[in-house]
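# A closer look at the structure
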Amino acid sequence: MKRLSYEELISDLIKKLDNIKNRYLIALAGPPASGKTTVSEKITKDLNLKGYPSNILQMDAFHYDNSILENKGLLSKKGSSETFDVMGLKNFLNRLNDEDEVIVPIFDRSLELSKSSAVIISKKTRVIIVEGNYLLLNSEPWKKLHNYFQSKIIIDCEEKIREERLVKRWENFNLPKEEVHKKVYENDLPNGLNVLQNSIEADYTLIN
């Protein structure tokens, strides 16, 4: 596993992308609030500027709806590894390998729900950044995704920074202090520990 700077990561990826014939799928995993969304958007922007048409597929777009989570008794654990439609994500990875144009869902964080058929990944798009916490988790059904990724990146930052970001994230929803505390310390931070302790080794580690 290579530990490198962002600039080194882009340089290394470009060397690989120069030789691709088909779509190239990159897994970008990491704990909640480690900066995955920001980094995936930056990678996509920089690769597009360098002539490698790129787009993003969000793991979060495959969250179970709150009504399903409630029926399963998982609403309080929303965001944990068992609250995602992993096989639905796998189907989209298959389609991205097989089809020229694929219309994918996104996750609207302001509404805390998924929107279907929201982004077009066009025929010209050669690089897909698949972004999400559990993409490299070494357990079923997540293990079924690993072979789709030609490059695997895990991103991390100091736990204190992640804690501060998570608190701010939930405070922005104007939630009561006790609910913020519950979400951060009983769900998000333990989920992050699961990612760091139980993911397969990535090709690259990026400290954000």
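Refer to the structure presented above.
Residues numbered from 1 in each chain as written. Predicted model: local features only at pLDDT ≥ 70, side-chain atom pairs only at ≥ 80, totals over all residues. Heavy atoms only, no water.

### Section: unusual backbone geometry
Here the residue pair E140 and P141 is connected by a cis peptide bond, since its omega of 0° sits within 30 degrees of zero. By secondary structure assignment, the location of P141 is in the loop between β6 (127-131) and β7 (151-156). Although it is not a glycine, N174 adopts a positive phi angle of roughly 60°. (Helix = DSSP H or I, 4+ residues; strand = E, 2+ residues; numbered from the N terminus.)

### Let's talk about the packing of aromatic side chains
One pass over the full model with this rule turns up five aromatic pairs. On the basis of an interplanar angle of 65° and a centroid distance of 5.9 Å, the ring pair of F84 and Y134 is categorised as edge-to-face. Of the two residues, F84 sits in the loop between α3 (66-72) and α4 (86-98) while Y134 sits in the loop between β6 and β7, which places them 50 residues apart along the sequence. A single burial state applies to F84 and to Y134, both of which are buried. Measuring from centroid to centroid gives 5.5 Å for W170 and F173, while their planes differ by 40°, and the two rings are tilted. Take F173: its relative accessible area is 28%, and that puts it in the partly exposed class. Here a set of aromatic residues connected by ring pairs shows up, and it is made of F84, Y134 and W142. Sitting above the plane of the Y64 ring, K72 keeps its charged end 5.7 Å from the centroid. Directly above the ring of W170 sits K183, whose terminal nitrogen or CZ lies 4.5 Å from the centroid. (Phe/Tyr/Trp six-rings, centres within 6.5 Å; stacked < 30°, edge-to-face > 60°. Buried < 20%, exposed > 50% of the residue type's maximum accessible area, 1.4 Å probe, protein only. Lys NZ or Arg CZ within 6 Å of the ring centre and 35° of its normal.)

### Overview of the side chain of H146
Along the chain, H146 turns up in the loop between β6 and β7. Only 3.1 Å separates the side chain of H146 from the backbone oxygen of L137, close enough to count as a polar contact. Look past the residues within four positions of H146 in its chain and what remains in contact with it is L135, L136, L137, N138, K152 and I200. (Polar contact = N/O pair within 3.5 Å; in protein donor to acceptor, adjacent residues only side chain to side chain. Contact = heavy atoms within 4.5 Å.)

### Some points on the environment of A61
Relative to the assigned elements, A61 resides in the loop between β3 (54-58) and α3. Placed 52 residues apart in sequence, A61 and L113 show a C-alpha to C-alpha distance of 7.8 Å. Ignoring sequence-local partners within four residues, the contact set of A61 consists of P105, I106, F107 and S114.

### Points about the nonpolar core
Soluble, globular proteins show a tendency: their nonpolar side chains are buried together. If you look at the biggest cluster of nonpolar residues, it comprises 29 residues, and the most contacted ones within it are L57, L89, L93, L135, W142, L145 and F149. If you list the elements that add at least two residues to this core, you get β2 (24-29), α4, β4 (102-108) and β6. Looking at this core element by element, the count peaks at five residues for α4. Beyond its immediate chain neighbours, meaning those up to four positions away, W142 contacts M59, S81, F84, V86, Y134, L135 and L137. (Core = buried A, V, L, I, M, F, W, Y, C linked by side-chain atoms within 4.5 Å.)

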